Amino acid sequence: MKSLTKTDFEFPNQKEVYKGKVRDVYFIGDDYLVMIASDRISAFDHILPAGIPYKGQVLNQVATHFLKATEDIVPNWLIDVPDPNVAIGYRCEPIRIEMVIRGYLTGHAWREYKAGKRVLCGVEMPEGMNENDPFPTPIITPSTKAVEGHDEDISREELLKQGYATEEIYAQLEEYTHKLYQRGVEMAKERGLILVDTKYEFGMKDGKIMLMDEIHTPDSSRYFYLEGYEERQANKEPQRQLSKEFVRQWLIENNFQGLEGQKMPVIPEDFIQLITARYIELYEKITGGKFEKADTTNIEERIVENTVKSLSRL
């Protein structure tokens, strides 16, 4: 199984390239972009040294599934998906905010709560909660979207004060975030899952807010299995989940949380295969469809051929 860990393409009318932790974005002219989902995986804001076969395909196809299922809520950037790892869409001016929404006390929120904090991003969290308990209502805990380095937790008040968005635009982002999350929760429930928390990114195009990037993928979201959730909570047992959290936990167990002086552990082959299996499991579970592994013999050639063909039609 080959994995796509780096890209170096030259598409027609290409102006610039942005290489993120997982996705590489090729800007085409002034109006379009090609987003390539690589097989890189990141945790604690660090890219792991090994690629995860088929991960990019899973991310791209799950994101497409949800973008199409939510376009009645908010317009999004997607135009075409010419290749398993590629999406082509409109170029937007990014709003440098990650709209993180949490329905349950887990992950980063739980780590803060466990450390004694009861306010996260200016939002109060109730006393007496246990790990993985649901919040009375979902909370939005935004973070700044860093061009480089770490994203930072920030309150609504501080975002507005620092000029990340106007009050009117931020209020619209909050409304979209709640509606998108509710749709995701409903779709997950139909598939026997709980959408625990997730994040959304937005941009501006022609003066209007547009949903960008991926949504409801295992890289941006956390899912629990619905069956057995209540029983596990009652017994204070860990929840069965489909997300990247198990990768983070493995890294923590191997003494890595992205802190200064810590060395990234070597990822064993059997763990890489496990991550691939988990990603495919999530795809099939969340979409209800069978995952069709793309031919990875010549991933780069396949991507170029399919992408150039699609761009010629724009």
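For the structure, see preceding data.
In what follows, the accompanying structure is described.

Rules behind the numbers
Residues numbered from 1 in each chain as written. Predicted model: local features only at pLDDT ≥ 70, side-chain atom pairs only at ≥ 80, totals over all residues. Heavy atoms only, no water. 1 Å grid on protein atoms, 1.4 Å probe; cavity = no way out; pocket = protein on both sides within 12 Å on 5 of 7 lines; lining within 4 Å. Points joined across faces, edges and corners; volume = space filled by probe spheres on them. Nonpolar A, V, L, I, M, F, W, Y, C, P; charged D, E, K, R; others polar. Phe/Tyr/Trp six-rings, centres within 6.5 Å; stacked < 30°, edge-to-face > 60°. Buried < 20%, exposed > 50% of the residue type's maximum accessible area, 1.4 Å probe, protein only. Helix = DSSP H or I, 4+ residues; strand = E, 2+ residues; numbered from the N terminus. Contact = heavy atoms within 4.5 Å. Pairing = 2+ DSSP bridges. Axes fitted to C-alpha atoms, helices over the stretch in contact; angles between N-to-C directions. Salt bridge = Lys/Arg side-chain N within 4 Å of Asp/Glu carboxyl O. Parallel < 35°, antiparallel > 145°, perpendicular 65-115°, else oblique. Left-handed = near helix turned anticlockwise from the far one by under 90°.

Focus: the layout of surface pockets
1) Next: Quantified by volume, the second largest pocket comes out at close to 550 Å³.
2) Next: Looking at the second largest pocket, it is lined by 24 residues, and the ones nearest its centre are E131, N132, P238, Q239 and Q241.
3) Next: Classifying every residue of the lining of the second largest pocket gives 6 nonpolar, 8 polar and 10 charged.

A word on the packing of aromatic side chains
1) Next: Tallying each qualifying case throughout the model produces 13 aromatic pairs.
2) Next: Seen from their ring centres, F224 and Y229 are 6.3 Å apart, and the 20 degrees between their planes marks the pair as stacked.
3) Next: The class of F224 is buried, set by a relative accessible area of 0%.
4) Next: Aromatic ring contacts, followed pair by pair, group F9, F11 and Y26 into a single cluster.

A word on the environment of E300
1) Next: Checked against the element boundaries, E300 lands in helix α8 (residues 299–311).
2) Next: Residue classification places E300 among the partly exposed positions, given a relative accessible area of 35%.
3) Next: In this structure, the C-alpha to C-alpha distance between E300 and A277, residues 23 residues apart in sequence, is 23 Å.
4) Next: Dropping the residues within four chain positions of it, E300 is found in contact with K2, L4 and F9.

Points about the sheet that holds strand β6 (residues 78–83)
1) Next: Across the sheet, which stays open at both edges, the 5 strands sit in the order β1-β2-β3-β7-β6 with antiparallel pairing between neighbours. Two strands in the sheet have a free side with no partner beyond their single neighbour: β1 (14–19) and β6. The mean angle between the axes of side-by-side strands here comes to 20 degrees, regardless of whether they run parallel or antiparallel.
2) Next: Summarising the sheet, β6 and strand β7 (residues 86–90) pair through 3 bridges and their orientation is antiparallel. Looking at β7, one finds that D83 is bridged to V86.
3) Next: Across the face of the sheet, helix α1 (residues 55–69) comes into contact with β2 (23–28), β3 (32–37), β6 and β7 while running at roughly 145 degrees to β6.
4) Next: Sheet strands touched by α8: β2, β3, β6 and β7. Its angle to β6, the strand with the most contacts, is close to 140 degrees.

Description of the pattern of salt bridges
1) Next: One pass over the structure, following the stated rule, counts 19 salt bridges.
2) Next: Between E175 and K179 there is a salt bridge; the shortest N-O distance is 3.0 Å. A residue pair is termed a helical-turn pair when its members lie 3 or 4 positions apart in one helix, as E175 and K179 do in helix α4 (residues 167–190) at 4 residues.
3) Next: Between K205 and D206 there is a salt bridge, and its shortest N-O distance comes to 3.0 Å.
4) Next: Its relative accessible area of 69% is what places D206 among the exposed residues.
5) Next: Through salt bridges with shared partners, one network takes in E98, K199 and E201.

Observations regarding the packing of α1 against helix α7 (residues 269–287)
1) Next: Between α1 and α7, whose axes approach to 9 Å, the crossing angle comes to 20 degrees. For the element pair α1 / α7, the angle class is roughly parallel. Our pair here, α1 against α7, has a crossing hand that is left-handed. Contacts between α1 and α7 involve K55, V58, L59, Q61, V62, H65 and F66 from the former and Y279, I280, L282, Y283, I286 and T287 from the latter.
2) Next: When grouped by side-chain class, the residues that make up the contact of α1 with α7 number 9 nonpolar, 3 polar and 1 charged.

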